[in-house]
Amino acid sequence: MAYQNLLIDHSDGIATITINRPKSLNALSTATVAELNLAVEGVDGDREVKALILTGAGYKAFVAGADISEMTRMGTPAALTFSELGHRLCDALEALPIPTIAAVNGFALGGGCELAMACDLVYASENAQFGQPEVNLAVIPGFGGTSRLARRVGPHKARELIFTGDRIDAKTAAALGLALAVLPSDGLMAHCRAVAQKIAAKGPLAVSQAKKVIAAGSDLPLQAANALERQAFAALFGSLDQKEGMAAFLEKRPAHFQGR
Ligand code: HXC
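Anyway, here's the lowdown on the structure attached to this text.

About the cut-offs
Residue numbers restart at each chain and count upward from 1, following the sequence in its written direction. It should be noted that, the model being predicted, local features are given only for residues of pLDDT at least 70 and side-chain atom pairs only at 80 or more, the latter also being counted only at that level, while totals for whole chains, interfaces and linings use all residues. Hydrogens are left out, water is left out, and the side-chain values use all remaining heavy atoms of the structure. A pair of strands is considered paired only if DSSP assigns at least 2 bridges between the two. In this text, helices come from DSSP runs of H or I with a minimum length of four residues, and strands from runs of E with a minimum of two, each type numbered from the N-terminal end. Orientation is described by axes fitted as lines to C-alpha atoms, over the contacting stretch for helices, and by angles from 0 to 180 degrees between their N-to-C directions. Salt bridges are identified by distance alone: a Lys or Arg side-chain nitrogen within 4 Å of an Asp or Glu carboxyl oxygen. Each residue gets one of three labels from its accessible area relative to the maximum for its type: buried under 20%, exposed over 50%, partly exposed in between, using a 1.4 Å probe on protein chains only.

1. Thoughts on the sheet that holds strand β4 (residues 61-63)
The sheet built from four strands is open, its strands ordered β4-β6-β8-β9 with mixed pairing. The open sheet is flanked by β4 and β9 (167-169), the only strands paired with a single partner. The sheet shows a mean angle of 20° between the axes of neighbouring strands, direction not considered. Here strand β8 (residues 129-131) runs beside β9; their pairing, made up of three bridges, is antiparallel. Note on β9: the bridge partner recorded for Q129 is D169.

The following block contains the structure:
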């Protein structure tokens, strides 16, 4: 598959998708969001891939938002279709069985912040800035930002950020829990790859179940969430990897997981 707006790399069990429209600060056009949907589908079907990193081309932006020059021509039906396309992408990222990492290498605004928040782990470069500035354009977040930002930083802070459209720097994002850590720009990708490689060496079924249980459990009452955990924990004892992981520990050797 040849992409016009993305660069795709697969190495050492890690897929990296780079949004590659640096002249418009990697703004998400409809074509770009459609390609992202296809690329995520491709990762979903690939058993060799153990983690996905999402980033933007260049050092200035992760994604500076949905493409304003395109949205300026939209009416309500087109805006709904565009919003649905972005929601499908963010939902697909969350539904992937592997961990996803946003390497936020600059502006993550509007749809860019929403895309980052659909990833499991978010790391930011020192020059990163996050925000939902849609009210400046007299619209609101349209790729899930109202719900995901509220879940990430709490509804009170989400209201302030969305009502004011204020941008926050990487340190503030980390203090709010929106980013996990702040890295020097030239060390961001190495850090994200190191995290991805560490995860890739673990039992893939266990990582996948952990992702699923955390996501499903966060929207459930505690007892229901714990019931899901018990089911998933027990089900993993039916896997070859569980036998291998525990045998390797007792035999004092590295484990070789097969994802079965
Ligand atoms: C289209 C964009 C863009 C965007 C930047 N560019 N952001 N083009 N859509 N979201 C383009 C600029 O027009 C410019 O093109 C080039 O990228 C460089 O941007 P500058 O503004 O010159 O850079 P700078 O002065 O450094 O300012 C950076 C910036 C600013 C602070 C990020 O560009 C900015 O405020 N961008 C818009 C951010 C935003 O409002 N995002 C939310 C969009 S709404 P030229 O051709 O002039 O060089 C959204 C909704 C999501 O995301 C849901 C949809 C359903």
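2. Re the pattern of salt bridges
For the structure on display, the rule yields nine salt bridges. One salt bridge connects R193 with D12, and the closest N-O pair in it is separated by 3.9 Å. Of this pair, R193 sits in helix α8 (residues 188-200) while D12 sits in the loop between β1 (6-11) and β2 (14-19); the two residues are 181 residues apart in sequence, bridging distant segments of the chain. Residue E251 is joined to R253 by a salt bridge in which the shortest nitrogen-to-oxygen separation is 2.7 Å. By relative accessible area, R253 is classed as partly exposed at 31%. Beyond isolated ion pairs, a larger network of salt bridges with shared partners links D91, E94 and R148.

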